[in-house]
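Here is what each chain is made of, one letter per residue.
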Amino acid sequence: MRSTARDLKRYYNPETGGAIRMDTNTNVLGSNPAAVRFLSSQKMNVNDYPNTYSDGLRDALAELYGLERENFVAGSGSDELLDIAFKTFTEWHDGVTVPVPSYTLYEYFANVNGGRTYAVDLTEDFQLDADAMLGPKAKMIIMPSPNNPTGNLFREKDIVEILERSDGMVIVDEAYGEYSGTSMIPKVNEFENLIVMRTFSKAYAMAGLRIGYSVSNTKISDMMNCVKIPYSLNMLSEGAAIAAVGDQDFIRKSVDLVNRNRGPLAGGLKELGFEPFPSDSNFILARSPVDHAVLTEGLKEKGILIRDFGSKRRTENCVRTTIGSEELNAILLEKAEEVISGDR
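First things first, this report covers the structure right here in the doc. (Residues numbered from 1 in each chain as written. Predicted model: local features only at pLDDT ≥ 70, side-chain atom pairs only at ≥ 80, totals over all residues. Heavy atoms only, no water.)

### Details of the overall build of the protein
Counting secondary structure elements, the protein contains 12 helices and 13 strands. By the compact-globule yardstick of 20 Å for 344 residues, the protein fits well, its C-alpha radius of gyration being 20 Å. Referenced to the eigenvectors of the C-alpha coordinate spread, the extents of the protein come out at roughly 60 × 50 × 45 Å. Expressed as a percentage of its 344 residues, the buried residues of the protein come to 54%. Considering only contacts within the protein whose residues lie at least 6 apart along the sequence, 73% involve residues at least 24 apart. Of the roughly 15600 Å² of accessible surface on the protein, a fraction of 48% belongs to carbon and sulfur atoms. (Helix = DSSP H or I, 4+ residues; strand = E, 2+ residues; numbered from the N terminus. Rg over C-alpha atoms; globule rule 2.2 N^0.38 Å. Buried < 20%, exposed > 50% of the residue type's maximum accessible area, 1.4 Å probe, protein only. Contact = heavy atoms within 4.5 Å. Areas by Shrake-Rupley, 256 points an atom, 1.4 Å probe, with all protein chains shown as cover.)

### Points about helix H4 (residues 105–112)
Residues Leu105, Tyr106, Phe109, Ala110 and Val112 constitute the buried set of H4. Tucked inside the fold, the buried residues of H4 contact helix H3 (77–89), strand S3 (95–100), strand S4 (116–121), strand S5 (140–144) and strand S6 (169–173). Of the residues one or two after H4, Gly114 is the one with positive phi, at around 75 degrees.

### Section: the nonpolar core
Within the largest apolar cluster, 76 residues are counted, with the highest numbers of intra-cluster contacts made by Leu57, Met143, Ile162, Phe200, Met206 and Leu295. At eight residues, the largest contribution of residues to this core is made by helix H10 (residues 248–271). Not counting residues within four places of it along the chain, the set of residues in contact with Phe200 comprises Leu57, Leu61, Ala205, Met206, Ala207, Ile211, Tyr213, Ala241, Ala244 and Val245. Counting 23 residues, the second-largest nonpolar core is a separate cluster that includes Leu81, Val98, Tyr106 and Met197. (Core = buried A, V, L, I, M, F, W, Y, C linked by side-chain atoms within 4.5 Å.)

### Describing the side chain of Ser54
By the secondary structure assignment, Ser54 is in the loop between helix H1 (33–40) and helix H2 (55–65). Apart from the residues within four sequence positions on either side, Ser54 is in contact with Ala74, Leu233 and Glu238.

### Points about the sheet that holds S4
Read across the open sheet, the seven strands follow the order S2-S8-S7-S6-S5-S3-S4; overall the sheet is mixed. The outermost strands of the open sheet, each flanked by one partner alone, are strand S2 (72–75) and S4. With strand direction ignored, the average angle separating the axes of adjacent strands in the sheet is 20 degrees. Here five bridges tie S5 to S6, and the two strands are oriented parallel to one another. Within the sheet, the bridge partner assigned to Ile142 lies in S6 and is Ile171. (Pairing = 2+ DSSP bridges. Axes fitted to C-alpha atoms, helices over the stretch in contact; angles between N-to-C directions.)

### Things to note about the pairing of strand S7 (residues 194–199)
For S7, the buried fraction is high: six of the six residues fall into the buried class. One ladder, built from four bridges, connects S6 with S7; its direction is parallel. Its bridge partner lying in S7, Ile171 is registered against Ile195. Two strands pair when backbone bridges link them, and S7 and strand S8 (residues 212–216) are joined in this way by five bridges, in the antiparallel orientation. Considered in S8, the bridge of Met197 is made with Ser214.

### Observations concerning the environment of Tyr49
Positionally, Tyr49 belongs in the loop between H1 and H2. C-alpha separation for the pair Tyr49 and Asn234, spaced 185 residues apart in sequence, amounts to 7.9 Å. With near-sequence residues (within four places) excluded, Tyr49 lies in contact with Tyr231 and Met235.

### A few points about helix H6 (residues 156–165)
Of the positions making up H6, those classed as buried are Asp158, Ile159, Val160, Ile162 and Leu163. Tucked inside the fold, the buried residues of H6 contact helix H5 (130–134), S5, S6 and S7.

### Some points on the pairing of S2
Alternating positions in S2 separate into two faces, Phe72 and Ala74 on one and Val73 and Gly75 on the other, with burial throughout. Relative to S8, S2 runs antiparallel, the two being bridged by four bridges. Paired with Gly75 across the strands is Gly212, a residue of S8.

### Some remarks on the sheet that holds strand S12 (residues 307–308)
Taking strand neighbours across the sheet as the criterion, the four strands line up as S9-S10-S13-S12 in an open arrangement whose pairing is antiparallel. With one partner strand each, in any of the chains shown, strand S9 (275–276) and S12 form the two edges of the open sheet. Bridge count for strand S10 (residues 283–287) against strand S13 (residues 318–322) is five bridges, and the pairing is antiparallel. Along S13, the bridge assignment pairs Phe283 with Thr322. Across the sheet, H10 lies against S9, S10 and S13, angled at about 15 degrees from S10, the strand it touches most.

Printed below as a string of structure tokens:
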């Protein structure tokens, strides 16, 4: 096995059975209706290749954001786009700076591409420290905003300062951007080193189709498209994504549901003794009133899955749950109370 891969561990892969999944932050409204209609109506010639660079989807995204097709790179999930960015802009042994806590796969992509990771702690309120992030002088800086697993947006002024002072590429991962109501996408043509990542897995409710895209100035996107594996996004996924982009009412409905239920869920968690952290996304990170492993295992036994971050630095004894519908949140709170009461 290649030396840079020997310490890798498999990604989170629970036995789910018939459990209620509040661990993956997918859309609790269910499958995207426009995508389902598209897929159910198709009689495609699957002997043909898809479009090499997903031009149809890139055109749809360009119209949505008021940009050009060549500002976009489309691929099989935003994880592929992250991998493309590493392959395009980093050399073997180059450093990559990531905030702590943040998405665990950033370090994975650095490792598999022969790089090294500089982990920089966020401030006490989980915000960026621009000086600290720029300290390692890494070839690439990655930050998710809203941040995963903490849920909060990073201040735009801090992101802009990092962009202006960094000599390397700066990736802003907006996997949950639709829920925050803000984005760095309008600024992609202002910076030579900005790449924004987005996905169809969360607000668009299409995680099973594996669709993602990056947005940047046309020079950066052209470099990435030269490195990207041709045909990596299949024709069914591309067609479904185009249909979904045309149904922004579903996105608004999804965001409204989260905005309506975020406060009541946080309040319910507080009443049970949790310490929930402020969220701008469709999930909440909270410090558990009992041992994190006891809570997550107890909920699993009762048919609910949430994510356990309690053994990681900066999120000690914390768990993360998707913000569900009113009904799902009530079930979660009820079962959490049962676990907590049984542990005391």
